[in-house]
Amino acid sequence: MTLISRGYCHLCHDMEVALKPLAEEFGAQVTIVDVDANPDLEARYDELVPVLLHGETELCHYFLDEAKTREYLSGIR
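Since the model is a prediction, treat every value here as computed from it, not as a measurement.

Student: How should the nonpolar core be read in this particular structure?
Tutor: In a soluble, globular protein the nonpolar side chains are often hidden away together inside. Met1, Leu3, Met15, Leu19, Leu22, Ala23, Phe26, Leu52, Leu59, Cys60, Leu64 and Leu73 together form the largest nonpolar core, which totals twelve residues. Sorting the residues of this core by element identifies helix H1 (10-26) and strand S4 (57-61) as the ones contributing at least two each. In terms of residue count, the dominant contributor to this core is H1 (five residues). Sequence-distant contacts of Cys60, defined by excluding residues within four places in its chain, comprise Met15, Pro50, Val51, Leu52, Asp65 and Thr69. Listed in part, the nine residues of the second largest apolar core include Ile4, Tyr45, Val49 and Leu53.

Student: I tried to follow the environment of Met1 on my own but got confused; where do I start?
Tutor: As for its position among the elements, Met1 is in the segment before strand S1 (2-5). We classify Met1 as buried; its relative accessible area is 11%. Counting along the chain gives 22 residues from Met1 to Ala23, while the straight-line C-alpha distance between them is 8.8 Å. In this structure, Met1 is in contact with Leu19, Ala23, Ala28, Gln29, Val30, Thr31, Leu52, Leu53, His54, Leu59, Thr69 and Leu73, ignoring residues within four places of it in sequence.

Student: Looking at this model, I keep getting lost on the sheet that holds strand S2 (residues 31-34). Mind explaining?
Tutor: Strands in a sheet are paired, the pairing made by backbone hydrogen bonds, and the direction either parallel or antiparallel. Within the open sheet, the four strands sit side by side as S2-S1-S3-S4. Their pairing is mixed. For this open sheet the edge positions go to S2 and S4, each flanked by a neighbour on one side alone. Ignoring strand direction, the axes of neighbouring strands in this sheet form an average angle of 25°. Examined bridge by bridge, strand S3 (residues 51-54) and S4 share four bridges and lie antiparallel to one another. Bridged to Leu53 within S4 is Glu58. Strand contacts of helix H3 (residues 66-76): S3 and S4, with the helix running at about 155° to S4, the strand carrying the most contacts.

Student: Can you help me understand the side chain of Arg6 in this one?
Tutor: Its place among the elements puts Arg6 in the loop between S1 and H1. Looking at Arg6, the relative accessible area reads 9%, which means it is buried. Engagement of the side chain of Arg6 in a polar contact is seen with the side chain of Tyr8, the distance being 3.2 Å. A distance of 2.7 Å separates the side chain of Arg6 from the side chain of Asp46, its partner in a polar contact. Excluding residues within four positions of it along the chain, Arg6 makes contact with Cys12, Asp34, Val35, Asp36, Glu42, Asp46 and Val49.

Cut-offs used in this document
Residues numbered from 1 in each chain as written. Predicted model: local features only at pLDDT ≥ 70, side-chain atom pairs only at ≥ 80, totals over all residues. Heavy atoms only, no water. Core = buried A, V, L, I, M, F, W, Y, C linked by side-chain atoms within 4.5 Å. Buried < 20%, exposed > 50% of the residue type's maximum accessible area, 1.4 Å probe, protein only. Helix = DSSP H or I, 4+ residues; strand = E, 2+ residues; numbered from the N terminus. Contact = heavy atoms within 4.5 Å. Pairing = 2+ DSSP bridges. Axes fitted to C-alpha atoms, helices over the stretch in contact; angles between N-to-C directions. Polar contact = N/O pair within 3.5 Å; in protein donor to acceptor, adjacent residues only side chain to side chain.

Right, here's the structure in full:
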């Protein structure tokens, strides 16, 4: 999974912390990408961060939707 984030964003930090136990439970690797370091990502996700993706699938933004993410991860096991 990819977490589109930015360093000074408290919602981004909150999602990263909330996502950690879920990722560990499912053995999922999470890559954190700084939206401000990539102009294409910034143009697409600037106001939506944090955004959790799996490939091109957007799982949630602003806050971790644990139920949706859990259901998605269960389906790709």
